[in-house]
Amino acid sequence: MNVIPTSVTTFDATDEAPLPAQLLPADSARSVLVGRVWDPETGGPRVVTVRGDQLLDLTDEFSTVAELLEHAAPGHAVARAAAPVRWSLGDVAGSSAGAGPNVPRLLAPIDLQVIKACGITFTESLIERVIEERCRGDFTRASAVRGLVMDALGGSLAVAPGSPEALRVIEVLTAQGMWSQYLEVGLGPYPEVFTKAPVLSSVGPGSAIGIPSFSAWNNPEPELVLVVGSGGRVKGATLGNDVNLRDIEGRSALLLGMAKDNNASCAVGPFIRLLDGDFTLDVLRDEEITLRIAGRDGFRLEGHNSLSRISRTFEELVGATYGVHHQYPDGFALFTGTLFAPTQDRGEAGMGFTHRPGDRVTISSPHLGTLMNTTVPTEELPPWDFGLRAMSTYLRDRSPLPMVPTISDPAVVLVPHADCASVLADVPGLRPVVYDPRSALPAEARTARVLVAPFQMTPGMTALTDGMPDLELVQLLTAGAEAWIGRLPEGVALSDCRGAHGGATAEWVVSALLAVYRHLPRFARAQDEGRWDYHRTEELAGKKILIVGAGDVAENTVRRLAGFEVSTTLVGRHARDGVHGMAELPALLPEHDATVLVVPLTEETRGMADAEFLAAMPDGAVLVNAARGPVCDTDALVAELGSGRLRAALDVTDPEPLPEGHPLWKVPGLLLTPHVAASVPLTMSRAYDVVAEQLRSFVRGEEPPNVVHGTY
């Protein structure tokens with residue numbers, strides 16, 4: 001499949017261990033890395049961060065990695081931590097392979113997180129799972145069965161899970177007697193998510209990984225591991241090796257525990273790279289993970305796990321793991337699956353690949369570094385003896401801090417209005433200080449940890465943060481965050497005001513649709529002219545409304561339209577239950593009477609409603625823009641409105657405010673309001689309430705629910 005093997009005749013000593021520079025990401029100078037080191041001096045694990053070639057001990061501030069990741073801005077907390085230098089990275093990395101309890105060594109960077117894993121997330125690797133099952137664990141039949149399966153598929157399997165095409169593939173294979181339970185999770189609507197290993201059981205870089213003697217057909221699985229906080233938000237990422245016993249799992253899915261959960265069967269590392277403004281989930285969507293195996297017998301194999309070819313989005317996998325159906329108070333680490341499935345023979349032709357003792361397994365990627373481990377028979381490994389009880393004892397006896405961080409001094413919060421200060425004064429742990437955005441900041445800005453930005457943005461407003469060295473969070477009073485994204489100092493989190501303005505904006509959307517369909521602007525003009533303009537109008541009832549965006553405004557719009565006998569269709573960035581993905585948008589546009597835009601302004605949504613988008617809407621359709629002006633191509637819209645083919649209702653424009661003489665003032669079929677959808681009497685009161693809830697989380701040391709990651 002995607003494996004590119006290379007054979008040599010001698011074992012190269014340079015494969016023994018990566019240098020510190022190879023251990024780290026290529027751009028390590030710009031990354032915030034968190035890990036764990038076994039400390040023989042204290043007899044337990046220490047939370048560390050990397051600075052240059054030094055490891056700083058964070059344990060006196062954060063007793064566990066899980067605790068650190070619950071911080072509102074973990075990257076900023078790490079950067080400003082007054083942590084002592086304890087070890088040289090080079091020394092610890094060099095001693096990690098085969099190190100005993102009396103030597104500092106790198107541990108898996110996760111601790112209290114539940115270890116979850118997704119299976120069959122690449123449709124291309126599904127073929128090998130079907131082969132395993134058809135072989136019933138007998139690797140000698142793999143080559144012949146592979147040919148049968150590929151013939152049945154016509155040589156490829158490039159379909160989206162849950163799509164009509166995927167369901168047809170299941171029908172074809174079933175008709176040929178090749179139904180498989182793997183088809184259901186690989187091509188059906190629901191991904192496979194299982195618990196991979198117990199908490200604290202993973203091994204780190206340099207450690208041995210176990211291959212049980214009862215398995216004769218096995219391989220490594222190089223995977224991206226997402227590290228997710230208790231609120232279901234991805235906080236960082238690392239690499240993982242999910243050791244796969246193909247012969248055991250191939251006999252029966254009921255043997256999954258036997259196949260997956262064995263001593264040292266899960267390797268994670270080298271460090272967790274925390275998400276920040278430069279390192280986002282979008283960066284990881286194109287990450288290339290490389291696997292190299294170097295055997296003592298001279299065997300060499302190289303393979304790749306290309307995240308750009310994953311069949312399910314990260315958000316879909318996290319959503320299948322966490323939600324109203326399941327929570328994880330200490331967070332979870334999620335293996336996201338692999339494209340890699342080795343078919344290269346190791347030995348006799350047709351026998352395929354399997355591990356041998358002493359295989360050096362190196363997994364690396366540009367943004368996450370290198371995880372290296374060596375295979376050892378599981379039965380020869382020392383028993384796992386440091387579990388939750390030992391961890392609890394260690395923390396009780398060694399850590400000077402309680403498990404949950406507390407803030408002894410009230411956090412200074414700069415607020416732009418006295419009314420906001422009044423609301424926040426009731427939040428324990430906060431000290432609100434009023435500032436004037438048009439004047440110099442007060443002296444308290446030097447120690448302020450939170451800035452509540454003004455509701456109305458003006459040029460240069462982001463420069464307010466320049467004089468705030470202790471700033472950890474910028475909290476907005478608006479739902480839109482595009483003016484701030486990418487303009488904050490490194491380590492400063494950004495939280496929007498989602499939940500404050502959705503109801504009012506949705507009310508405007510419904511009002512605009514009613515006004516257009518019931519011809520209210522025409523009647524208003526007739527009234528001004530003193531004319532009795534009797535005529536029949538259209539009605540909202542029975543219309544099909546397409547809502548592009550699936551957040552707070554969209555949900556409020558669906559609720560408010562429920563009483564008007566309309567059908568609504570939601571489109572989000574990624575498909576999920578009840579929401580179509582953006583890829584489906586071109587096919588949905590011609591089927592709806594009105595399209596409502598309520599997406600955030602990002603590089604992906606800028607110019608979304610262009611000439612091609614508008615041309616796909618049916619004659620007489622209505623475009624409603626309650627998002628941001630640049631989401632719609634103004635020139636393309638003017639052309640469509642001028643022709644009389646489409647109608648529109650805009651609360652936002654590009655440019656904004658709309659200048660005198662602009663074509664939108666005179667174009668027919670347009671209802672225009674001056675960005676007033678959320679401008680109602682309770683606008684600021686609702687915003688202050690949302691801000692208070694966000695900052696309650698901040699005071700508790702948790703990430704506010706509305707923190708913006710990447711571009712949303």
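Remember, it's a predicted structure, so these values are computed and weren't measured experimentally.

**Q** Could you give an account of the overall build of the protein, naming the residues involved and the relevant values?
**A** When helices and strands are tallied, the protein shows 21 helices and 30 strands. The burial tally for the protein puts 55% of its 712 residues in the buried class. Contacts in the protein between residues at least 24 apart in sequence constitute 69% of all its contacts with a sequence separation of at least 6. In the form shown here, the protein has an accessible surface area of approximately 29,800 Å², with 54% of it arising from carbon and sulfur atoms.

**Q** How would you sum up the nonpolar core? Please name residues and give values.
**A** Core analysis: the largest hydrophobic core is formed by 42 residues, its most contacted members being Leu224, Leu226, Leu284 and Phe314. Of all elements in the fold, only strand E8 (208–211), strand E10 (222–228), strand E11 (234–242), helix H11 (281–284), strand E14 (288–294), helix H12 (314–321), strand E16 (332–335) and strand E17 (360–365) reach the threshold of two or more residues within this core. Excluding its chain neighbours within four sequence positions, the residues that come into contact with Leu224 are Ala237, Thr238, Leu284, Ile289, Asn305, Leu307, Phe314, Leu334, Phe335, Thr336 and Leu368. Ranked by size, the runner-up nonpolar core spans 30 residues in total, among them Leu588, Leu597, Ala609 and Ala648.

**Q** Any details on the confidence of the model for the protein? Residues and values, ideally.
**A** Residues at a pLDDT of 70 or more form 90% of the protein, whose mean pLDDT is 88. Throughout residues 1–15 the model reports pLDDT below 50, and contacts reaching past four residues in sequence, or to other chains, amount to 42 contacts.

**Q** Before we move on, can you summarise the packing of aromatic side chains with the specific residues and values?
**A** In the structure shown here, the tally under the stated rule is three aromatic pairs. Between Tyr328 and Phe332, the ring centres sit 4.8 Å apart and the planes meet at 50 degrees, which makes this aromatic pair tilted. Residue Tyr328 shares its accessibility class with Phe332, and that shared class is buried. When the ring centre of Phe279 is taken as origin, the NZ or CZ atom of Arg273, which lies over that ring, is 4.4 Å away. If you follow Lys543 out to its NZ or CZ, it ends over the ring of Tyr517, 4.7 Å from the centre.

**Q** Which residues make up the sheet that holds strand E15 (residues 300–306), and what are the values?
**A** Taking strand neighbours across the sheet as the criterion, the five strands line up as E8-E18-E17-E14-E15 in an open arrangement whose pairing is mixed. Two strands lie at the open edges of the sheet, namely E8 and E15, each paired on one side alone. Between one strand and the next, the sheet's axes are offset by a mean angle of 25 degrees, whatever the strand orientation. Sheet topology places E8 next to strand E18 (residues 369–377); four bridges connect them, and they run parallel. Across the sheet, the residue bridging to Ala208 is Thr374, located in E18.

**Q** Outline helix H17 (residues 552–561), supporting the account with residue identities and numerical values.
**A** For H17, every residue scored as buried is listed here: Asp552, Val553, Ala554, Asn556, Thr557 and Leu561. Those residues of H17 that are buried lie in contact with helix H15 (502–517), strand E24 (544–548) and strand E25 (567–572).

**Q** Break down the pattern of salt bridges for me, citing the residues and quoting the values.
**A** In the structure shown here, the tally under the stated rule is 33 salt bridges. Among the salt bridges present, the one from Arg285 reaches Asp282, with a minimum N-O distance of 2.7 Å. Classification of Arg285 as buried rests on a relative accessible area of 19%. The closest approach of N and O atoms between Arg396 and Asp397, which form a salt bridge, is 3.0 Å. Judged on exposure class, the residue Arg396 and its partner Asp397 are both exposed. Among the ionic contacts, a cluster of salt bridges with common partners joins Asp39, Glu41, Arg46, Asp57, Asp60 and Arg86.

**Q** Lay out the pairing of strand E13 (residues 266–274) in plain terms, naming residues and giving numbers.
**A** The buried count for E13 comes to nine of nine residues, which makes it a mostly enclosed element. As defined by bridge partners, strand E1 (residues 33–39) adjoins E13 across two bridges and the pair is classed as antiparallel. Bridge pairing links Leu33 to Arg273 in E13. As paired strands, E11 and E13 are joined by six bridges and run antiparallel to one another. Its bridge partner lying in E13, Gly236 is registered against Leu274.

**Q** Got a sec to walk through the pairing of E11? Specific residues and values, please.
**A** Of all nine residues in E11, nine are buried, a share of seventy percent or more. Of the pairings in the sheet, the one linking E10 to E11 comprises seven bridges and is antiparallel in character. From the neighbouring strand, Val228 faces E11, where its bridge partner is Val234. In sequence, E10 turns back onto E11 through a hairpin of five residues, with Gly232 there showing a positive phi of about 85 degrees.

**Q** Hey, could you go over the side chain of Asp57 for me, with residue numbers and the actual values?
**A** Tracing the chain through its elements places Asp57 in strand E3 (residues 54–57). One polar contact links Asp57 to Arg46, side chain to side chain, over a distance of 2.9 Å. Setting aside residues no more than four positions away along its own chain, Asp57 makes contact with Arg46, Val47, Val48, Ala83, Pro84, Arg86 and Trp87.

**Q** Could you give an account of the sheet that holds strand E28 (residues 622–625), naming the residues involved and the relevant values?
**A** One key point about sheets: their strands pair by backbone hydrogen bonds, in either a parallel or an antiparallel sense. Ordered in space as E26-E25-E24-E27-E28-E29-E30, the seven strands form an open sheet in which the pairing is parallel. Each edge of the open sheet carries a strand with a single partner, namely strand E26 (580–581) and strand E30 (670–672). Sheet analysis places E24 next to E25, joined by five bridges and oriented parallel. Residue Ile545 lies in a different strand from E25, and its bridge partner there is Thr568. Running over the sheet, helix H20 (residues 634–643) touches E28, strand E29 (647–650) and E30 and is turned about 135 degrees from E29.

**Q** Explain the environment of Gly581 to me, and be specific about the residues and the numbers.
**A** Relative to the helices and strands, Gly581 resides in strand E26. Once residues within four sequence positions are removed from consideration, Gly581 is found in contact with Val571, Gly572, His574 and Ala575.

**Q** Requested: an account of the packing of H15 against H17, with residues and values cited.
**A** Their axes nearest at 8 Å, the elements H15 and H17 cross at an angle of 50 degrees. Relative to H17, H15 is oriented oblique. For the crossing formed where H15 meets H17, the hand is right-handed. Residues Gly502, Gly503, Thr505, Ala506, Glu507, Val509, Val510 and Leu513 of H15 lie in contact with H17, whose contacting residues are Asp552, Val553, Asn556, Thr557, Arg560 and Leu561. Of the residues in the contact of H15 with H17, the class split is six nonpolar, five polar and three charged.

**Q** I'd like a rundown of helix H21 (residues 683–699), residues and numbers included.
**A** With 17 residues, H21 should cover 24 Å at 1.5 Å per step; its first-to-last C-alpha distance of 25 Å lies within 8% of that length. The set of residues buried in H21 consists of Thr683, Ala687, Tyr688, Val690, Val691, Ala692, Gln694, Leu695, Ser697, Phe698 and Val699. Buried residues in H21 make contact with strand E19 (411–415), helix H14 (418–424), strand E20 (430–434), strand E21 (450–452), strand E22 (473–475) and strand E23 (493–495). Gly701 lies just past H21 and shows a positive phi near 85 degrees.

**Q** Could you give an account of unusual backbone geometry, with specific residues and numbers?
**A** Here the residue pair Gly269 and Pro270 is connected by a cis peptide bond, since its omega of 5 degrees sits within 30 degrees of zero. By the element assignment, Pro270 lies in strand E13. For the bond running from Asp654 to Pro655, omega is 10 degrees, close enough to zero to count as cis. Even without being glycine, His519 reaches a positive phi, approximately 60 degrees. For Glu565, which is not glycine, the phi dihedral falls at a positive 60 degrees. Topologically, Glu565 is positioned in the loop between H17 and E25.

Parameters and conventions
- Residues numbered from 1 in each chain as written.
- Predicted model: local features only at pLDDT ≥ 70, side-chain atom pairs only at ≥ 80, totals over all residues.
- Heavy atoms only, no water.
- Helix = DSSP H or I, 4+ residues; strand = E, 2+ residues; numbered from the N terminus.
- Buried < 20%, exposed > 50% of the residue type's maximum accessible area, 1.4 Å probe, protein only.
- Contact = heavy atoms within 4.5 Å.
- Areas by Shrake-Rupley, 256 points an atom, 1.4 Å probe, with all protein chains shown as cover.
- Core = buried A, V, L, I, M, F, W, Y, C linked by side-chain atoms within 4.5 Å.
- pLDDT = per-residue confidence, 0-100.
- Phe/Tyr/Trp six-rings, centres within 6.5 Å; stacked < 30°, edge-to-face > 60°.
- Lys NZ or Arg CZ within 6 Å of the ring centre and 35° of its normal.
- Pairing = 2+ DSSP bridges.
- Axes fitted to C-alpha atoms, helices over the stretch in contact; angles between N-to-C directions.
- Salt bridge = Lys/Arg side-chain N within 4 Å of Asp/Glu carboxyl O.
- Polar contact = N/O pair within 3.5 Å; in protein donor to acceptor, adjacent residues only side chain to side chain.
- Parallel < 35°, antiparallel > 145°, perpendicular 65-115°, else oblique.
- Left-handed = near helix turned anticlockwise from the far one by under 90°.
- Nonpolar A, V, L, I, M, F, W, Y, C, P; charged D, E, K, R; others polar.
- Expected span 1.5 Å × (residues − 1).

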